[in-house]
Each structure stands twice: as structure tokens, then as C-alpha cells.
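Each chain, written out:
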Amino acid sequence: MPRPKKRTANPSEETETTKRQKTARSRHSQEESKFNTNRLIAWFKQYTTDDPAQLGPEGMERFCQDIKVEPEDIVMLVIAYKMNAKNMGYFTQSEFLKGLSDPEVLCDTATKLEKKLDYFYNLIEDPHSFKMIFRYAYDFARDKDQRSMDIETAKAMLSLLLCKSWPLFPDFAEFLEQPKAPRVINKDQWNNIFEFSRTINTDLTNYSIDGAWPVLLDDFVEYLQRKRQGSSS
């Protein structure tokens, strides 16, 4: 008995099938690209353990790995600023949702946030945004049981924020290592360090002893002048 001939597919049928597949893929892609709050919440839950409403240090480490960023990278501070996070090393669910559902962000997966990192880095380059980030960093990093920031935390945060943009930062960091340097930094000093870094020339020609700078910065200028005089002699 002769074998039945295989049915040859109709080219038009193949075309219709291909079109349906492409349409389905396109719809799926569009759904994936749309921001979805439920997907954002599910993503957050991947990093929680004991407290389902809070992402802690272990979850933070995995979060950084997923978006391919080192925990010490300044962009993590900017992301925390966008979330208005209250405690360093922790994100609450409400903070996570607030920051990543911002109209300028809209990220509900690690892949989307990774692709959005340039936006956060650009905030550092904007003078107004950077000033707000700098001020935010004080309360974010400060021990909430203390009114002032301990000097070790201050040095770490100042290095993160100013080491690349303030030519005098190496001298200031050296000054903070001196025996008579303060053991804590208060909020007024913190804010004035930023203003000083943005307004005073590296040669100190526009610095005035009669200016309204805190004693901390007057002492720094005196230290730097002595250091420079010693070098020149």
C-alpha cells in the first residue's frame, strides 16, 4: 500500500501562524516594558527575610548584585535619596515603591533599574540635585541615637561625595586625621563644608576670616596655610 503523501503546508497558513506568533511576542514585550506595581512589590519581596516590609543588609547586598553595582558606589546613595530612605542599609517597602515608581524612574525589575543607572549618576552632575543629595546624606548616615555624626562616618561619606569634585578634599581629609580635629560633625558644619567646597578657591584668595564659616573650617584654613608655608620654605 503506497504511503500517503505528507500534506504540504500552505504558504499563506505559515504566514498567518508567523504573524500570530509575532503579535503574541509583541504583546508580551509590551506588557514587560510597562511599569507594573505588583511586579515591583514582588521584586522587593525577593530581598526580604524576617520582616516582609523591610529590605535589610543581606537583601541589600543581593539587590546590589542584581543591578550590578557595588554597595559603596555613590549611585546607591542617590537611589536611597530618590526613595527618601531613612536608615542606611535598609529600604522599607514604602520607600522602595516611592522611589522606583517615581515618574522619572519607573523601574519594576533589576534589568530596568540597571539600564536606568545613568539617570541617577546624572543627578550627581546637576548642582541643585547634588546639593540636595549632600544634605540628605547627613541624616541618612547619622546614627539616629545621636544628634551629630561620628567622625569616622563623616569621613567616609565626605570621601564618597567630595573626593572627585573638590580639589582640596585630600587636604581636608588629612586635616580631619589630626589629633585636634573634631570627633563629631554637626549638621551646620556638614552643610557649610559643602558650601565651602563650592565657593572657596583652592588658593583661598576669596576666603575671609570675617566670613560666617564655622570654626571647623577656619581651623582647616589655618591648617592648610601652615602646611603650604611649610612646603614653600
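Cut-off values and rules
- Starting from 1, residues in each chain are numbered consecutively following that chain's sequence as written.
- With pLDDT at 70 or above as the cut-off, local features in this predicted model cover only qualifying residues; side-chain atom pairs require 80 or more to be listed or tallied, and sums for whole chains, interfaces and linings still use all residues.
- Only hydrogens and water are removed before side-chain values are computed, so all heavy atoms of the structure are retained for them.
- Each patch is built from residues that are more than 30% exposed by relative accessible area and take part in no salt bridge. Like charges join if they lie within 9 Å; nonpolar side chains (Val, Leu, Ile, Met, Phe, Trp, Tyr) join within 5 Å.
- The method behind every accessible area is Shrake-Rupley, applied with a 1.4 Å probe, and residues are considered shielded solely by the protein chains displayed.
- Salt bridge, as applied in this entry: a Lys or Arg side-chain nitrogen positioned within 4 Å of an Asp or Glu carboxyl oxygen.
- His residues and chain termini do not enter the charge count, which takes Lys and Arg as positive and Asp and Glu as negative.
- Just so you know, the charge point we use is NZ for Lys, CZ for Arg, CG for Asp and CD for Glu.
- Each helix is a run of DSSP H or I of at least 4 residues and each strand a run of E of at least 2, with the numbering of both proceeding from the N terminus.
- Three labels apply to residues, based on accessible area from a 1.4 Å probe with only protein chains included: buried if under 20% of the type maximum, exposed if over 50%, partly exposed otherwise in between.
- Only the contacting stretch of a helix is used when fitting its axis, a line to C-alpha atoms as for every element, and angles between N-to-C directions run 0 to 180 degrees.
- Roughly parallel covers angles under 35 degrees, roughly antiparallel covers those over 145, roughly perpendicular covers 65 to 115, and oblique covers all other angles.
- Working rule for contacts: check all heavy atoms of both residues, and any pair within 4.5 Å makes them a contact.
- Classification convention: Asp, Glu, Lys, Arg as charged; Ala, Val, Leu, Ile, Met, Phe, Trp, Tyr, Cys, Pro as nonpolar; all other residues, Gly among them, as polar.

Colleague: Before we go on, may I ask you to explain a negative patch on the surface in this structure?
Modeller: Together, Asp-50, Asp-51, Glu-58 and Glu-61 give the surface a local cluster of negative charge. For Glu-61, the position within the fold is in helix α3 (residues 57-66). With relative accessibility at 47%, the residue Glu-61 sits in the partly exposed group.

Colleague: Help me understand the pattern of salt bridges, please; the structure alone is not making it clear to me.
Modeller: Opposite charge on two side chains allows them to pair when their charged atoms are near. The final tally for this structure, using the stated rule, is 13 salt bridges. Notably, a salt bridge pairs Glu-177 with Lys-155, separated by 2.9 Å at the nearest N-O pair. Within this pair, whereas Glu-177 is found in the loop between α10 (169-175) and β4 (184-185), its partner Lys-155 is found in helix α9 (residues 151-162), the two being separated by 22 residues in sequence. A salt bridge links Arg-226 to Glu-222; the nearest nitrogen and oxygen atoms lie 3.2 Å apart. Placement of the pair is Arg-226 and Glu-222 together in helix α12 (residues 215-232), with a separation of four residues, close to one helical turn. Here Arg-226 falls in the partly exposed class, since its relative accessible area comes to 48%. Taking the relative accessible area as the measure of exposure, Glu-222 reaches 44% and is therefore partly exposed. One network of salt bridges, in which partners are shared, links Arg-39, Asp-108 and Lys-112.

Colleague: Got a minute to help me understand the packing of helix α4 (residues 74-83) against helix α8 (residues 127-141) in this structure?
Modeller: A packed helix pair is summarised by two numbers, namely the angle formed by the two axes and the spacing between the axes. One can describe the packing of α4 onto α8 by two numbers: an axis separation of 10 Å at closest approach and a directional angle of 85°. Our classification of the angle between α4 and α8 gives roughly perpendicular. Contacts from Leu-77, Val-78, Ala-80 and Tyr-81 of α4 reach α8 at Met-132, Ile-133, Tyr-136, Ala-137 and Phe-140. Class assignment for the residues of the contact of α4 with α8 results in nine nonpolar, no polar and no charged.

Shape is all these values report; function is a separate question.
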